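Residue-level listing of the chains:
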Amino acid sequence: DNREYYLERQLQYNKDNYKKNYKIRFADRMFVLLHYSLEPYPICVKCGEKEMGFLEIDHIKGVIENDGRGGPALVKYIINNNFPENYQVLCTNCNWLKHRENQKLTLSMTKENIRCRTKNLKLKEEVFSHYSKGLPECNCCGIDTLDILSLDHIYGRKNAKHKKGIGGHELYTWVRQNKFPSDFQVLCMMCNSAKKDKQDCIHKIK
Ligand SMILES: [Zn+2]
Ligand SMILES: [Zn+2]
Ligand SMILES: [Zn+2]
C-alpha cells in the first residue's frame, strides 16, 4: 500500500544521502589532512605512517579554541577558519604516546603513588607477556612500545564476562584472577581502534 511505498522511498533517500554525505566528509577530511602533511599525501609527522585510517588531526598545543575537538566538526571548523595553526597530523599511536608523555609530567610523586604505579606496571607486563607469549607486542602489527599496547576483547566488549566499563589495571587484575581467558589479545592503540569490536584491523583487511 501507499504507506509501505512511502517508507521504502524514505529508506532509500536516507541511504543515498548517507553515501553522499559520507563522500563529502571523506573529501573534506582528506583536504585537511593533506594541508597539515609535509608530503603530497597524508602522513604522520612523527613516524611516517601513511594509512589514512590511522591518521588523526592533533591539537599541537592542546584544545585552545572551541573547534569541535575532533571528527567531522573539527574538519568543518578548520576549513571554515582557513586552516589555522596549532594542528598537525599524527597517527593514533603517536597521538596516544604524546598524550602519555604529557600525563607523565603531571604525575604525583608521593612514595605511595610511585609504589602503586610500579605495581600496576608490573601487572601490565605480566598479563601482556602472557598473551604475547614473550615480550609484549601488538598481535597485528608487532609494535612493542608498552605505553601504546592495550588489551583487546577479541569478540568485542559486549560479550565480556567481567564487570562493565572496567579497563587498565582493574581489567588486568580480573584477567589474572580468571586465569587468562583466551578471548583477549594484545593490540596497539592504532590496531585496536581500527578494529572496532569484532571487525578486523585495516592491516588484516588489505
Ligand atoms: Zn605516528
Ligand atoms: Zn598494532
Ligand atoms: Zn593492525
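All figures in this text were calculated on a predicted structure; none of them were measured in a lab.

Calculation criteria
- Residues numbered from 1 in each chain as written.
- Chains lettered and ligands numbered in written order.
- Predicted model: local features only at pLDDT ≥ 70, side-chain atom pairs only at ≥ 80, totals over all residues.
- Heavy atoms only, no water.
- Helix = DSSP H or I, 4+ residues; strand = E, 2+ residues; numbered from the N terminus.
- Buried < 20%, exposed > 50% of the residue type's maximum accessible area, 1.4 Å probe, protein only.
- Contact = heavy atoms within 4.5 Å.
- Areas by Shrake-Rupley, 256 points an atom, 1.4 Å probe, with all protein chains shown as cover.
- Lys, Arg positive; Asp, Glu negative; His and termini not counted.
- Charge placed at Lys NZ, Arg CZ, Asp CG, Glu CD.
- Polar contact = N/O pair within 3.5 Å; in protein donor to acceptor, adjacent residues only side chain to side chain.
- Donors = N, O, S within 2.8 Å, 3.2 Å for Na, K, Ca; no water.
- Tetrahedral: all angles 85-135°; square planar, octahedral: opposite > 155°, others 65-115°.
- Salt bridge = Lys/Arg side-chain N within 4 Å of Asp/Glu carboxyl O.
- Phe/Tyr/Trp six-rings, centres within 6.5 Å; stacked < 30°, edge-to-face > 60°.
- Domains from an automatic or database assignment.
- Buried area = accessible area lost by both parts, 1.4 Å probe.

Engineer: So what's going on with the overall build of the protein chain? Which residues, and what values?
Structural biologist: Helix and strand content of the protein chain: 7 helices and 4 strands. In terms of principal-axis extent, the alpha carbons of the protein chain reach across some 65 × 50 × 30 Å. Looking at the 206 residues of the protein chain, the share that counts as buried comes to 33%. Long-range pairs, those at least 24 residues apart, make up 65% of the contacts in the protein chain between residues at least 6 apart in sequence. Accessible surface for the protein chain amounts to roughly 14300 Å². Of this, 54% is attributable to carbon and sulfur atoms. Across the protein chain, the 35 positively charged side chains and the 25 negatively charged ones have centroids separated by 4 Å.

Engineer: Let's hear about the side chain of Asn86: which residues, and what values?
Structural biologist: Note that Asn86 resides in the loop between α2 (71-80) and β2 (87-91). Among the polar contacts made by the side chain of Asn86, one reaches the main-chain carbonyl oxygen of Gly62 at a distance of 3.4 Å. Ignoring any residue separated from it by four or fewer positions in sequence, one finds Asn86 in contact with Asp58, His59, Ile60, Lys61, Gly62 and Ile64.

Engineer: So what's going on with the coordination of the zinc ion (ligand 1)? Residues and values would help.
Structural biologist: Protein-derived ligands of the zinc ion (ligand 1) are Cys44 (SG), Cys47 (SG), Cys91 (SG) and Cys94 (SG), with the metal-ligand distances lying across 2.3 Å. Every donor counted, the 4 donor atoms about the zinc ion (ligand 1) form angles of 102 to 119 degrees at the centre, which fits tetrahedral coordination. Between the donor residues of the zinc ion (ligand 1), the gaps in sequence give the motif C-x2-C-x43-C-x2-C. Residue Cys44 is found in the loop between α1 (2-35) and β1 (55-59), and its partner Cys91 is found in strand β2; the two are separated by 47 residues along the sequence. With respect to class, Cys44 is no different from Cys91; both count as buried.

Engineer: So what's going on with the pattern of salt bridges? Which residues, and what values?
Structural biologist: In total, this model carries 8 salt bridges according to the counting rule given. Residue Asp58 pairs with Lys98 through a salt bridge whose shortest N-O separation is 2.6 Å. Taken as a pair, Asp58 in strand β1 and Lys98 in helix α3 (residues 92-105) lie far apart in primary sequence, 40 residues in all. Side by side, Asp58 and Lys98 carry an identical accessibility label, which is buried. A single network of salt bridges, built from pairs that share partners, joins Arg100, Glu101, Lys104 and Asp147.

Engineer: Hey, could you go over the packing of aromatic side chains for me, with residue numbers and the actual values?
Structural biologist: The full count for this structure, using the stated rule, is 7 aromatic pairs. With 5.2 Å between their ring centres and 80 degrees between their planes, Phe128 and Tyr172 make a pair best called edge-to-face. Pair noted here: Phe128 is in helix α4 (residues 111-132) and Tyr172 is in helix α5 (residues 168-177), with a separation of 44 residues, a long-range link. One exposure class covers both Phe128 and Tyr172, and it is buried. Within the aromatic cluster, the residues linked to one another by ring pairs are Phe31, Tyr36, Phe83 and Tyr87.

Engineer: I'd like a description of the coordination of the zinc ion (ligand 2), backed by residues and values.
Structural biologist: Coordination sphere of the zinc ion (ligand 2), protein contribution only: Cys138 (SG), Cys141 (SG), Cys188 (SG) and Cys191 (SG), at 2.3 to 2.4 Å. Around the zinc ion (ligand 2), the 4 donor atoms sit at angles spanning 100 to 115 degrees, and that spread fits a shape best called tetrahedral. In the primary sequence, the donor residues of the zinc ion (ligand 2) line up as C-x2-C-x46-C-x2-C. In this structure, the zinc ion (ligand 2) lies 4.4 Å from the zinc ion (ligand 3), and both are coordinated by Cys191. Of this pair, Cys141 sits in the loop between α4 and β3 (149-153) while Cys191 sits in helix α6 (residues 189-195); the two residues are 50 residues apart in sequence, bridging distant segments of the chain.

Engineer: Break down the domain arrangement of the protein chain for me, with residues and values.
Structural biologist: It is common to give the size of an interface as the accessible area that goes away when the parts come together. Partitioning the protein chain into structural domains gives domain 1 (2-100) and domain 2 (110-205). Once you take the C-alpha centre of each, domain 1 and domain 2 turn out to be 27 Å apart. In total, about 940 Å² of surface goes out of reach between domain 1 and domain 2, with carbon and sulfur atoms giving 72% of it. Broken down residue by residue, the surface that domain 1 buries against domain 2 is led by Phe54, Asn93 and Trp96, which jointly contribute 58%.

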